[in-house]
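Examination of the molecular architecture
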Amino acid sequence: CQPVVVMAPDLFRGQPWDPSDEVSATGEQLNEQGQTYEEWRATHPEERISIDIRAATACLRERYAVSSIAVWGTCFGGGRALETASGWVPTVHDIDGSVAPPPVDPMAVVAWYPTRYNCRKLFGTNHEGTNFGINGEERSVAVMAIMGDQDSLAGATPEDAALLKSCLHEDPRVKDVMVKVFPGQGHGFAHSHLGQEGDIRCEEEQVIDEEFGGSGRVVVGSSEADIAFLLSTAFMETYTRVFLPTVGKAVREDKSATAWNDLEMTMPSQEKTRDVREEINKSMEDYSPSTEFDDMTTEEHEERAKKILMSYQDGKDPGDHALKKDDSIETMVEKLYAWDKNLELF
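Each value, and the rule that gives it
- Residues numbered from 1 in each chain as written.
- Predicted model: local features only at pLDDT ≥ 70, side-chain atom pairs only at ≥ 80, totals over all residues.
- Heavy atoms only, no water.
- Salt bridge = Lys/Arg side-chain N within 4 Å of Asp/Glu carboxyl O.
- Buried < 20%, exposed > 50% of the residue type's maximum accessible area, 1.4 Å probe, protein only.
- Helix = DSSP H or I, 4+ residues; strand = E, 2+ residues; numbered from the N terminus.
- Pairing = 2+ DSSP bridges.
- Core = buried A, V, L, I, M, F, W, Y, C linked by side-chain atoms within 4.5 Å.
- Contact = heavy atoms within 4.5 Å.
- Axes fitted to C-alpha atoms, helices over the stretch in contact; angles between N-to-C directions.
- Polar contact = N/O pair within 3.5 Å; in protein donor to acceptor, adjacent residues only side chain to side chain.
- Left-handed = near helix turned anticlockwise from the far one by under 90°.
- Nonpolar A, V, L, I, M, F, W, Y, C, P; charged D, E, K, R; others polar.
- Patch = residues over 30% accessible without salt bridge, like charges linked within 9 Å, V, L, I, M, F, W, Y side chains within 5 Å.
- Areas by Shrake-Rupley, 256 points an atom, 1.4 Å probe, with all protein chains shown as cover.
- Lys, Arg positive; Asp, Glu negative; His and termini not counted.
- Charge placed at Lys NZ, Arg CZ, Asp CG, Glu CD.

1. Description of the pattern of salt bridges
Counted under the stated rule, the structure contains eight salt bridges. A salt bridge links Lys335 to Asp327; the nearest nitrogen and oxygen atoms lie 2.8 Å apart. Residue classification places Lys335 among the buried positions, given a relative accessible area of 9%. One network of salt bridges, in which partners are shared, links Arg13, Arg48 and Asp52.

Here is the structure:
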């Protein structure tokens with residue numbers, strides 16, 4: 001595990017979209033300032049947002065000396081994340097023609113249901129991004145996108161997912177690609193529940209969860225959101241390691257990984273539930289304790305018991321524990337345990 005520094009730049013600078021109950025004359029929803037969504041969006045120009053993203057990255061590199069950068073964005077932020085993968089910036093900001101702050105140059109990018117981006121401008125053989133990173137080397141980035149097949153927002157529809165995947169595969173700067181469309185899911189499905197309070201657990205469930213790692217119920221394929229998180233974090237970790245880099249084939253090059261190369265996300269047909277408590281109760285019901293004399297009728301066991309008993313008697317007064325010619329294996333074992341109750345025979 002390598003240390004991670006997480007930074008979440010406030011792209012709207014304290015002025016997020018905050019809808020009110022009011023609507024405009026044309027039926028559009030208004031925010032508290034009386035603005036429509038597009039009017040509010042216009043107060044956050046793409047140039048300024050791009051500068052804030054690049055400035056945040058520069059801070060990570062200069063103040064925290066991070067060795068690699070990963071960018072994760074959702075919705076509008078997902079579109080901006082894809083822009084960082086391409087190295088595209090809205091305008092040039094320095095008098096000498098260089099970009100300031102410098103481009104993000106990430107090693108991995110994850111975009112969840114991205115919006116407001118131009119796929120063909122960012123990726124493909126005729127992209128308008130940059131071919132080189134900030135160190136002068138050829139750009140190399142891994143890109144992942146998560147979408148839902150019920151999403152209707154431009155940029156995040158299943159058709160947009162197919163176009164994005166195609167453009168990414170055509171782009172020589174992209175070293176690996178994973179674009180997955182989750183069945184039955186709409187916009188925001190993987191993160192819209194965050195921050196909500198879950199079901200109240202009883203005291204017993206809390207103790208079992210906290211002390212034993214679960215309340216006796218292990219679920220495989222529990223939810224689309226969990227799977228999206230696991231895939232995304234694994235993808236980022238795989239492609240941002242510097243000191244112990246991950247080796248092996250890229251997903252796009254692995255012919256055996258067809259399930260991960262397919263656009264459609266294959267989900268378990270039904271939840272598989274394991275009731276650990278029921279298994280324990282069943283095992284207790286079926287449990288039959290073995291006796292000390294199980295499997296002790298072979299000549300090998302009898303000879304072993306006889307030798308050990310004779311060694312105990314050597315030079316000592318065995319009394320009632322003396323070995324006799326007609327002793328059965330069971331009798332010899334009883335005498336041995338009389339000599340040493342902690343003896344392990346077989």
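What follows picks up the thread again.
2. Some words on the pairing of strand S4 (residues 108-112)
Of all five residues in S4, five are buried; the element is thus mostly enclosed. Of the two faces of S4, the one lined by Ala108, Val110 and Trp112 and the one lined by Val109 and Ala111 are each fully buried. Relative to S4, strand S3 (residues 70-74) runs parallel, the two being bridged by five bridges. The partner of Trp72 across the bridge, within S4, is Val110. Where S4 meets strand S5 (residues 141-148), five bridges bridge the pair, whose relative direction is parallel. Directly across from Trp112, in S5, lies its bridge partner Ile146.

3. Overview of the nonpolar core
Here is a general trend for soluble globular proteins: nonpolar side chains tend to be buried in one another's company. Ranked by internal contacts, the top residues of the largest apolar core, which has 33 residues, are Leu82, Phe123, Leu164 and Leu168. Contributions of two or more residues to this core are made by helix H2 (46-64), helix H3 (76-86), S4, helix H4 (119-122), S5, helix H5 (158-170) and strand S6 (174-182). Excluding anything up to four places from it in sequence, Leu168 contacts Phe123, Val143, Val174, Val177, Val179 and Arg252. Tyr113, Met178, Ala190 and Tyr239 belong to the second largest nonpolar core, which has 22 residues in total.

4. Comments concerning the sheet that holds S6
Overall, parallel pairing links the four strands, which are arranged S3-S4-S5-S6 in an open sheet. Either end of the sheet is taken by a strand with one partner, and the two such strands are S3 and S6. Direction aside, neighbouring strands of the sheet carry axes that sit 10 degrees apart on average. Relative to S6, H5 is tilted by about 165 degrees, and along the sheet it contacts S5 and S6.

5. Side note on the side chain of Arg139
The topology assignment puts Arg139 in the loop between H4 and S5. Judged by relative accessible area, which is 4%, Arg139 ranks as buried. At a separation of 3.3 Å, a polar atom in the side chain of Arg139 contacts the main-chain carbonyl oxygen of Ala85. Excluding its chain neighbours within four sequence positions, the residues that come into contact with Arg139 are Thr84, Ala85, Ser86, Gly87, Pro103, Asp105, Pro106, Thr130, Asn131, Phe132, Gly133 and Arg173.

6. Some details on the packing of helix H10 (residues 299-313) against helix H11 (residues 329-339)
Across the interface, H10 lies against H11 with an axial gap of 10 Å and an inter-helix angle of 35 degrees. In the packing of H10 onto H11, the handedness of the crossing is left-handed. Within the contact between the two elements, H10 uses His301, Glu302, Ala305, Lys306, Ile308, Leu309, Tyr312 and Gln313 and H11 uses Ile329, Met332, Lys335, Leu336 and Trp339. Class assignment of the residues belonging to the contact of H10 with H11 gives a composition of eight nonpolar, two polar and three charged.

7. Remarks on unusual backbone geometry
The phi dihedral of Cys75 falls on the positive side, at around 55 degrees, and the residue is not glycine. Here Cys75 shows up in the loop between S3 and H3. A relative accessible area of 25% means that Cys75 is categorised as partly exposed. At Arg116, a position not held by glycine, the phi torsion is positive, near 55 degrees. Along the chain, the position of Arg116 falls in the loop between S4 and H4. Note on Arg116: relative accessible area 37%, which makes it partly exposed.

8. Notes on a negative patch on the surface
Together, Asp18, Asp21, Glu22 and Glu32 make up a region of like negative charge exposed at the surface. You can see Glu22 is positioned in strand S1 (residues 19-23). Since its relative accessible area comes to 52%, Glu22 is described here as exposed.

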